[in-house]
Amino acid sequence: MDLTDDERYELRTQTKMELLKEHLRQNVGEEYTYSPGKAFMEKLERLPSKKETTAEADSVE
């Protein structure tokens, strides 16, 4: 197959994600719900939003 490095990376990543989803589906079950810890959610809230990052970049130019 004659693929670029980007195409190869995307296909490899997509394959790994599909394998992971199948593994989780079989071993975790349908009743599982993801509930991240409080520390993780606080860390996410501190990250700048995409709008803030874009506004900061525009003001620098």
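The structure we're discussing is the one just above.
Residues numbered from 1 in each chain as written. Predicted model: local features only at pLDDT ≥ 70, side-chain atom pairs only at ≥ 80, totals over all residues. Heavy atoms only, no water.

**A few points about a negative patch on the surface**
Defined as follows: Patches in this entry comprise residues that are over 30% relatively accessible and not in a salt bridge; like charges within 9 Å are linked, as are nonpolar side chains (Val, Leu, Ile, Met, Phe, Trp, Tyr) within 5 Å. What sets the accessible areas is the Shrake-Rupley method with a 1.4 Å probe; for residues, cover comes only from the shown protein chains. For salt bridges, the criterion is a side-chain nitrogen of Lys or Arg within 4 Å of an Asp or Glu carboxyl oxygen. Think of it this way: Lys and Arg go in the positive column, Asp and Glu in the negative one, and His and the chain ends go nowhere. In plain terms, the charge of a residue is placed at NZ if it is Lys, CZ if Arg, CG if Asp and CD if Glu. Only DSSP runs of H or I covering at least 4 residues are called helices, and only runs of E covering at least 2 are called strands; the numbering of each starts at the N terminus. For each residue, the accessible area found with a 1.4 Å probe, counting protein chains only, is set against the maximum for its type, and the residue is called buried under 20%, exposed over 50%, and partly exposed in between.
A surface patch of like charges, here negative, comprises Asp 2, Asp 6, Glu 7 and Glu 10. Note on placement: Asp 2 falls in the segment before α1 (5-27). With relative accessibility at 80%, the residue Asp 2 sits in the exposed group.

**What about the environment of Gln 26?**
Counted only if it meets this: We define a polar contact as two N or O atoms separated by no more than 3.5 Å, with the added condition that, inside protein, one atom must be a possible hydrogen donor and the other a possible acceptor, whereas residues neighbouring each other in sequence contribute only through side-chain atom pairs.
Among the secondary structure elements, Gln 26 is positioned in helix α1. Overall, the relative accessible area of 58% leaves Gln 26 in the exposed class. A distance of 2.8 Å separates polar atoms of two side chains, one belonging to Gln 26 and the other to Glu 22.

**Examining α1**
We apply this condition: A helix is expected to span 1.5 Å multiplied by its residue count minus one.
Compared with an ideal rise of 1.5 Å per residue, which puts 23 residues at 33 Å, α1 spans 33 Å between its outermost C-alpha atoms and is within 8% of the ideal. Taken from the residues just after α1, Gly 29 is the one with a positive phi, measuring 100°.

**Focus on the pattern of salt bridges**
One pass over the full model with this rule turns up three salt bridges. When the shortest N-O distance is used, the salt bridge between Glu 18 and Lys 21 registers 3.1 Å. Of this pair, Glu 18 and Lys 21 both sit in helix α1, three residues apart, which is roughly one turn of that helix. Judged by relative accessible area, Glu 18 falls into the partly exposed class, the value being 42%. Relative accessible area serves as the criterion here: at 40%, Lys 21 is assigned to the partly exposed category. Here Glu 22 ties to Arg 25 by a salt bridge, and the two come within 2.6 Å at their closest N and O atoms. Of this pair, Glu 22 and Arg 25 both sit in helix α1, separated by three residues, roughly a single helical turn. What makes Arg 25 partly exposed here is its relative accessible area of 46%.

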